[in-house]
Each structure stands twice: as structure tokens, then as C-alpha cells.
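# Remarks on the overall topology
So the chains spell out like this:
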Amino acid sequence: MSKKEIDWSNIGFGYVQTDKRYVSNYKDGKWDEGGLTEEANVVLNECAGVLQYAQTVFEGLKAYRTEDGHIVTFRPDLNASRMADSARRLEMPVFPEDRFIKAVEQVVAANADYVPPYGSGATLYIRPYMFGTNPVIGVKPADEYQFRVFATPVGPYFKGGAKPITIRVCDFDRAAPHGTGHIKAGLNYAMSLHAIVDAHQQGYDENMYLDSATRTKVEETGGANFIFITKDNKLVTPKSDTILPSITRRSLVYVAKEYLGMEVEEREVLFEEVKEFAECGLCGTAAVISPVGKVVDHGKEICFPSGMEEMGPVTKKLYDTLTGIQMGHIKAPESWIKVIK
Ligand code: PLP
Ligand code: COI
């Protein structure tokens, strides 16, 4: 799709090929110089590590057009360090964090025309990722890897944007204790595909995963962490070693405390407590904050008082403050915003 044809206010969360992407290869124990390319296709040996044993990790962040016309990214240093953690867990070489940040910057600058206009509701989604490229047939890590970053303009992750969604408690597990739930590995998403297709077939927008050891605690969804608001306006968010450490969630905790003066509890959240909360939301780069209106547990409905029409009032304040910081009309904490141009 040519950028001229994009109806920014009506795009969904999908892939649109942009002009340039970044590629660097790892061979003989080191990363090459890397650089931008127009080639969007990847050619791999049939036995590449990623194809056989799913040795791949990724990240997701966004570039925003600010009110005063700049293009910025939000906390890319945290994506760089999380990707390093993910790589280490899958026995992959770390792509240096400073180079990760520079590669993101280069890709955004090279595709600046695809950064949606301020106020359109759309953003440029950036996808850094890396994977094992050389033939691997015995189960072991690859010796050669490719790191890439591409960008694609996106709209809301859930159709309907800020309209509350309905989710179900999922009978499938997402992450095992001591497994890989805390990293951003493709394998975590592959194994969630059956659960999400099944949820959609049953009429639900997403899955609420519980901890797989006891099935009593709230974990996260397939692509976002949870936030809950108590009836006395506290922010409660699940703490678990088997969920992804969401950058959005960590930022919201700070925003709630420091900007909105709220009390915050990061702790285990029992599913039993969910019915007591006033508001519920999913938070993540793609999800931003997507309000949840209803959770269905095997036919039993939990309807939050905030209802199915709009975001609850406290969620809305958090949403407005976070997006205000990202779009540049609320002053950001030191080092959160990286100006690209
Ligand atoms: N949880 C999962 C499983 C995710 O895939 C994501 C998306 O990155 C998140 C949470 C949210 O993380 P972040 O806010 O860093 O995008
Ligand atoms: C993100 O929010 O960046 C993610 O990777 C989530 C994914 C489900 C799109």
C-alpha cells in the first residue's frame, strides 16, 4: 500500500510494507556492521534453526508524531534490554543494546512518511526481532543469526478502539513455572494461537490466562498485562515471574504514582478478587490500554461497574496521561522520550 493511500484514522493492526528495514547478521562470533535495506523478504536454508526449533525472539515499540510535529519513540532502551534478556534465555547472542536503539532510530527516520499524523489515532509500530539462520538438525542453538527491524503503521489492536472488550478465562496455559513466559519469544505466541482462535470462535476478544501451577492467580493475556482499579481508586497489577515485564505496565505504575497520586499495588492477584474490582484494562504497546468490560469464567460473568460502553474513569485518566506523554503534550519523565526528528 502506498503511503498516500493510507486512511490513517481507519487502519487496523496489520502489516503494511514500508520502504526500509534494518538487517545485521551474526557469524563467526560477531555481528556485522548492519544497515538499511529495501528487501523485505528473508531467504533461509530449509533447516534454519528458527524453522526447526523456533529459535526467535522479538520486541514491539511505537513511534509517535507529537503535537509539535516531531517523531519520537517511547523508552526504546527498555525494549533493547528486554530483547537482550530474551536472547540470553534462548541461547542467542545479544544484539548490543546501543546498536538496537540506533537501528530503531534509523528505521523510523527512513520511514518517516509512514508515521501517522498527530491526532489520527494511528502510530508506527516497530518490530525488532532475531532468529537462528544456519542449518540445525540436532537440538542445539544455531551458530548464525539475523537481527532485523521493520516498521508498519497501525491502528487500534482491538477493533472498536476504546470500546470495552469481553474476555474469557482460558483453560489452556500460556507459561509454565520456570519456563519462558517472562521473555518475548515467538514460541510463547505460537502456543497461544489455538487458544485465541478458539476464544474468537466462542465470541470472546481475548483470553485471561491464570497461573498454570495453581490456576488461582491472574497472569496476563496473549499480548498484554492486566491492570485493575479498586473501588477506592488504587491501581492493582499482577506480579508474576511467568508474565512479560510490560514496559507499558511499568510506565503506568509510575504515571499512577507520580502523576496521578494513586496508590499502586504490584502483587499476586487472585482470580477470586477480580469480581471486586471497579475497572479492568489490558496494557501493552499494541493494546495501549484496552478496557475490559466483562470477564467470563466458564459461563459465570463478571461485569465491571465501568460497563460495556466506555473506558472507566480512572483507566481513562491513566490512558490520557500516558498517551499525553507519548504524544508530547504532557511533560515526560527524564529519558522516556527519544526524539528521532
Ligand atoms: N504481555 C505480552 C504477552 C505481550 O506480548 C506484550 C506486548 O509486548 C505485553 C505484555 C505488553 O508489553 P509492552 O507494554 O512492553 O508492550
Ligand atoms: C506488542 O504490544 O508490542 C506486542 O508484541 C503484542 C502483540 C500481541 C502484537
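Parameters at a glance
Residues numbered from 1 in each chain as written. Chains lettered and ligands numbered in written order. Predicted model: local features only at pLDDT ≥ 70, side-chain atom pairs only at ≥ 80, totals over all residues. Heavy atoms only, no water. UniProt positions renumbered as here; feature names shortened; annotations may be inferred. Domains from an automatic or database assignment. Contact = heavy atoms within 4.5 Å. Buried area = accessible area lost by both parts, 1.4 Å probe. Polar contact = N/O pair within 3.5 Å; in protein donor to acceptor, adjacent residues only side chain to side chain. Helix = DSSP H or I, 4+ residues; strand = E, 2+ residues; numbered from the N terminus. Buried < 20%, exposed > 50% of the residue type's maximum accessible area, 1.4 Å probe, protein only. Expected span 1.5 Å × (residues − 1). Arc of directions from axis to C-beta. Phe/Tyr/Trp six-rings, centres within 6.5 Å; stacked < 30°, edge-to-face > 60°. Lys NZ or Arg CZ within 6 Å of the ring centre and 35° of its normal. Near = heavy atom within 4 Å. Areas by Shrake-Rupley, 256 points an atom, 1.4 Å probe, with all protein chains shown as cover. Nonpolar A, V, L, I, M, F, W, Y, C, P; charged D, E, K, R; others polar. Core = buried A, V, L, I, M, F, W, Y, C linked by side-chain atoms within 4.5 Å.

The chain carries the name branched-chain-amino-acid transaminase in an unreviewed UniProt entry, which gives [Clostridium] nexile as its organism. Quoted verbatim from the Cofactor (unreviewed entry) field of UniProt, the annotation for the chain is "pyridoxal 5'-phosphate". One UniProt comment on the chain, placed under Sequence similarities (unreviewed entry), says "Belongs to the class-IV pyridoxal-phosphate-dependent aminotransferase family."

### Things to note about the domain arrangement of the chain
Each assigned domain of the chain is listed here: domain 1 (21–154) and domain 2 (165–327). The interface is formed by 24 residues belonging to domain 1 together with 23 residues belonging to domain 2. Summing the contributions of domain 1 and of domain 2, the shared interface buries around 1900 Å²; its carbon and sulfur component is 65%. Counting the surface domain 1 buries against domain 2, the share from its top three residues, F58, F74 and R82, is 33%. In this assembly, domain 1 and domain 2 are joined by ten residue pairs in polar contact (both at pLDDT 80 or more).

### Examining unusual backbone geometry
One non-glycine residue, V288, adopts positive backbone phi at about 55°. The residue V288 is located in strand 15 (residues 288–297) in this model. Note on V288: relative accessible area 19%, which makes it buried. You will see that H298, though not glycine, has its phi angle at about 45°, which is positive.

### Focus: the UniProt feature "modified residue: N6-(pyridoxal phosphate)lysine" (unreviewed entry) in the chain
The feature "modified residue: N6-(pyridoxal phosphate)lysine" (unreviewed entry), as annotated in UniProt, sits at K184 in this numbering. Here K184 shows up in the loop between strand 9 (165–169) and helix 4 (186–190). If we ignore the near neighbours within four places in the chain, the residues touching K184 are V57, F58, E59, G60, R82, S86, Y189 and L244.

### Let's talk about helix 3 (residues 97–110)
Between its first and last C-alpha, helix 3 extends 20 Å over 14 residues, near the 20 Å set by a 1.5 Å rise per residue. Those residues of helix 3 that fall on the buried side of the exposure criterion are F100, I101, A103, V104, V107 and V108. All buried residues of helix 3 lie within an arc of 160° about the axis, which places them on one face of the element.

### Looking at the packing of aromatic side chains
Taken as a whole, this structure holds 19 aromatic pairs when the rule is applied. Measuring from ring centre to ring centre gives 6.0 Å for Y26 and Y145, while their planes differ by 65°; the resulting arrangement is edge-to-face. Taken as a pair, Y26 in strand 1 (residues 21–27) and Y145 in strand 8 (residues 145–154) lie far apart in primary sequence, 119 residues in all. Here the two residues Y26 and Y145 agree in accessibility, since each one is buried. Members of the aromatic cluster, joined through ring pairs, are Y22, Y26, W31, F95, F100, Y145 and F147. For R174, the ring lying beneath its charged end belongs to Y189, and the centroid distance is 5.8 Å.

### Brief notes about the site of ligand 1
Around ligand 1 sit 17 residues in total, of which Y189, E220, S246, T248 and T285 are the nearest. The contact in question runs from an oxygen atom of ligand 1 to an N or O atom on the backbone of I247, over 2.8 Å. Relative to its unbound accessible surface of 380 Å², ligand 1 loses 97% to contact with the protein. Elements supplying a minimum of two residues to the shell around ligand 1: helix 6 (247–259) and strand 14 (279–284). Considering only residue class, the shell around ligand 1 consists of five nonpolar, eight polar and four charged.

### What to know about the nonpolar core
One finds F100, V108, M130, F147 and V149 to be the most contacted residues of the largest nonpolar core, which totals 39 residues. Counting only elements with at least two residues in this core, the list comes to strand 1, strand 5 (61–65), helix 2 (76–89), helix 3, strand 7 (123–132) and strand 8. Take this core: its biggest share by element is six residues, from helix 3. Not counting residues up to four positions away in its chain, the partners in contact with V108 are A63, I71, T73, V115, L124, I126 and I340. With 22 residues, the next largest nonpolar core counts I165, V218, F277 and A287 among its residues.

### Re the site of ligand 2
Every residue near ligand 2 is listed here: F13, F58, G60, Y125, R127, Y157, K184, G223, T285 and A286. Y125 is positioned with one of its side-chain polar atoms (N or O) 2.6 Å from an oxygen atom of ligand 2. Here A286 contributes a backbone N or O atom positioned 2.8 Å from an oxygen atom of ligand 2. When the free accessible area of ligand 2 is taken as 280 Å², the share hidden by the protein chains comes to 90%. Class assignment for the residues of the shell around ligand 2 results in five nonpolar, three polar and two charged. When we break the shell around ligand 2 down by domain, the ones giving at least three residues each are domain 1 (21–154) and domain 2 (165–327).

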